[in-house]
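Observations on the three-dimensional arrangement
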Amino acid sequence: MTRKINEGDIINVGVIGCGQIAQMMHLPYITHDEHLRLYSICDISQNILDNVGAKYHVPAEHRYLDAGEMVKDDKLDAVVIATNDHYDPAVKAAKAGKHMLVEKPFMYSVAECDEVIALCKENNLILQVGYMKRHDPGFQYAFEKIKTLKDVNLVRVHDYGGSFDFTTQIYDLYPKSDLSQETLDAIRKKIDDTCIAEIGEDRADIMQSYSLICGLSSHDTILMRHCFGYPEVLFAYVPKPGFVTAFLRFENGVQGILESGLVMNRRSWDESIWVYSNECNLSIHFPWPYLKNAPTIVKINENEPGSMVNYDKEVIGSFDEAYRREWKHFYQCIVEGKEPINSGADARNDIKLASDIIRAVKI
Ligand SMILES: NC(=O)c1ccc[n+]([C@@H]2O[C@H](COP(=O)([O-])OP(=O)(O)OC[C@H]3O[C@@H](n4cnc5c(N)ncnc54)[C@H](O)[C@@H]3O)[C@@H](O)[C@H]2O)c1
């Protein structure tokens, strides 16, 4: 049973998957928001469940090892799914009538996306995907400016991530799960099998680059799509596993480049979107994703109106945190029954695009 939620009502939220991102972002923002109540938690690791449950004072009867059991509770309104593979908990939550905020990547195949979207539609549920950068104030400032540009020549997404080892030093996390190697292998195998079903057995060797686009670059492909539409993939290249470069053509003929990779032996973060137009050059520089309230910086180079005098400006949209805003948006969508900005139907296109890119690689 899905209850009707009115403006101002407090909703009961369950967290499925209480690992790093849940502990760093979702649990703190749920407990700080006046409209959200942390109602129940679920994790297949008893160790994580005990520690997170104790820290957040979740009663023992609201701690679950099995998401299917958790979603049977009629008092639970919504869940956030922050497991490694989202498919099984999402199907269970949808069948039980729970609104859901699903972490990215939404799913690892278009078929899985379609199944979950259909279940949520059938049950009149809000399905939001956790692309928090779409709610980032710096991006939103840039988005409004990009919408005014008439002659865009090139869009370039540069997405080189690094090690996140500092997170355990700056947050109090319970990273040690007690999962057996067998369980971890089974989770990995399910994800790998889904990826291979999507991209084809002949591309198994470059599956890591597909996971990279689904996981890391989808944060930026959704932003590119929201600015310029769905692109055709002209050419894609995997120089080595875990890296990818793609040349794209957007709906209005704008050319695009996506370059992405992970260098895990160093602490570095270099994620930016560059838009070159006849009116201005604009770039959006994202901070480390796990640093709360670190601002996204927008750089603009343009001429003074009616003159060839040229200037640079740097804009900090706000210090507000994108994760906090994503939760507020999710709540508002539930109250108003409206489609989230990052709906499941929209996020499906990032999985489709990742698949298009990998299928365009010559092997
Ligand atoms: N929005 C972002 O920028 C962002 C950042 C980091 C991670 N993520 C996404 O969040 C998800 C989790 O990432 P993480 O870094 O927290 O991983 P993690 O491995 O630290 O946490 C995952 C947790 O889920 C639990 N789990 C696995 N399967 C489960 C199941 N079926 N039911 C209940 N619990 C289950 C694990 O025991 C673990 O505690 C991933 O999909 C990841 O891509 C998103």
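Our subject is the structure that appears above.
Notes on the structure follow. (Residues numbered from 1 in each chain as written. Predicted model: local features only at pLDDT ≥ 70, side-chain atom pairs only at ≥ 80, totals over all residues. Heavy atoms only, no water.)

Quick notes on the pairing of strand β2 (residues 36-42)
Burial analysis of β2 places 6 of its 7 residues in the buried class, the great majority of the element. In this sheet, β2 lies alongside strand β1 (residues 11-16) in parallel orientation, the contact comprising 6 bridges. Residue pairing for β2: Val-15 is matched across the bridge by Ile-41. Across 2 bridges, β2 lies against strand β3 (residues 63-64) in parallel orientation. Residue pairing across strands places Cys-42 opposite Tyr-64, the latter belonging to β3. (Buried < 20%, exposed > 50% of the residue type's maximum accessible area, 1.4 Å probe, protein only. Helix = DSSP H or I, 4+ residues; strand = E, 2+ residues; numbered from the N terminus. Pairing = 2+ DSSP bridges.)

Describing the environment of Val-110
You can see Val-110 is positioned in helix α5 (residues 110-122). Apart from the residues within four sequence positions on either side, Val-110 is in contact with Glu-198, Arg-348, Ile-351 and Lys-352. (Contact = heavy atoms within 4.5 Å.)

Some points on the packing of aromatic side chains
For any pair of aromatic rings, geometry is given as the distance between the ring centres together with the angle between the planes. In this structure the tally under the stated criterion is 9 aromatic pairs. Relative to Trp-288, the ring of Phe-166 lies with its centre 5.0 Å away and its plane at 80°, an arrangement referred to as edge-to-face. In this pair, Phe-166 is assigned in the loop between β7 (152-162) and α7 (167-170) and Trp-288 in the loop between β12 (280-286) and β13 (297-303), connecting sequence segments 122 residues apart. Judged by relative accessible area, Trp-288 falls into the buried class, the value being 19%. Positioned above the aromatic ring of Phe-286 is the side chain of Lys-133, whose terminal nitrogen or guanidinium carbon lies 5.3 Å from the ring centre. The ring centre of Phe-143 lies 4.5 Å from the NZ or CZ of Arg-134, which sits over that ring. (Phe/Tyr/Trp six-rings, centres within 6.5 Å; stacked < 30°, edge-to-face > 60°. Lys NZ or Arg CZ within 6 Å of the ring centre and 35° of its normal.)

Regarding α5
The terminal C-alpha atoms of α5 lie 18 Å apart, and with 13 residues this matches the ideal 18 Å at 1.5 Å per residue to within 8%. Looking at the buried positions of α5, the neighbouring elements they touch are α4 (87-95), β5 (99-102), β6 (127-129), α8 (181-199) and α11 (344-360). One or two positions beyond α5, positive phi appears at Asn-124, with a value near 55°. (Expected span 1.5 Å × (residues − 1).)

Regarding the sheet that holds β6
Spatially, β3-β2-β1-β4-β5-β6 is the arrangement adopted by the 6 strands of the open sheet, whose pairing is parallel. With one partner strand each, in any of the chains shown, β3 and β6 form the two edges of the open sheet.

Regarding the site of the ligand
With respect to spatial proximity, 22 residues lie near the ligand, and among them Ile-21, Asp-43, His-86, Lys-104 and His-219 are the closest. A distance of 2.9 Å is found between an oxygen atom of the ligand and a backbone nitrogen or oxygen belonging to Ile-21. With respect to the ligand, the backbone of Lys-104 contributes an N or O atom lying 2.9 Å from an oxygen atom. The residue inventory of the shell around the ligand, partitioned by class, reads 11 nonpolar, 8 polar and 3 charged. Summarising the domain contributions, the shell around the ligand has at least three residues from each of domain 1 (11-131 + 326-343) and domain 2 (134-321 + 349-360). (Near = heavy atom within 4 Å. Polar contact = N/O pair within 3.5 Å; in protein donor to acceptor, adjacent residues only side chain to side chain. Nonpolar A, V, L, I, M, F, W, Y, C, P; charged D, E, K, R; others polar. Domains from an automatic or database assignment.)

What about the nonpolar core?
Counting 81 residues, the largest nonpolar core has Met-100, Phe-106, Val-116 and Ile-357 as its most contacted members. The element that contributes the greatest number of residues to this core is helix α9 (residues 207-228), accounting for 10 residues. When residues of this core are assigned to domains, at least three map to each of domain 1 (11-131 + 326-343) and domain 2 (134-321 + 349-360). Setting aside residues no more than four positions away along its own chain, Met-100 makes contact with Val-79, Ile-81, Ala-90, Ala-93, Ala-94, Cys-120, Ile-126, Leu-127, Gln-128 and Phe-330. (Core = buried A, V, L, I, M, F, W, Y, C linked by side-chain atoms within 4.5 Å.)

Digging into the packing of α4 against α5
For any two helices packed against each other, the geometry comes down to the angle between their axes and how far apart the axes lie. Running from N to C, α4 and α5 point in directions that differ by 15°, and their axes come no closer than 9 Å. It follows that α4 is roughly parallel to α5 by the angle criterion. Remark: the crossing between α4 and α5 carries left-handed chirality. For the pair α4 and α5, the contacting residues are Tyr-87, Ala-90, Val-91, Ala-94 and Lys-95 in the first and Glu-112, Glu-115, Val-116, Leu-119 and Cys-120 in the second. (Axes fitted to C-alpha atoms, helices over the stretch in contact; angles between N-to-C directions. Parallel < 35°, antiparallel > 145°, perpendicular 65-115°, else oblique. Left-handed = near helix turned anticlockwise from the far one by under 90°.)

Topic: empty space enclosed by the protein
Within the structure shown, the criterion is met by 1 cavity of 30 Å³ or more. Reported here for the largest cavity is a volume of approximately 160 Å³. What lines the largest cavity is a set of 19 residues, and nearest its centre among them are Asp-136, Pro-287, Ala-294, Glu-321 and Ala-322. Of all the secondary-structure elements, those providing two or more residues to the lining of the largest cavity are α6 (137-148) and α10 (322-336). Residues belonging to the lining of the largest cavity are distributed by class as follows: 11 nonpolar, 4 polar and 4 charged. (1 Å grid on protein atoms, 1.4 Å probe; cavity = no way out; pocket = protein on both sides within 12 Å on 5 of 7 lines; lining within 4 Å. Points joined across faces, edges and corners; volume = space filled by probe spheres on them.)

Bear in mind that shape data such as this cannot, by itself, settle questions of function.
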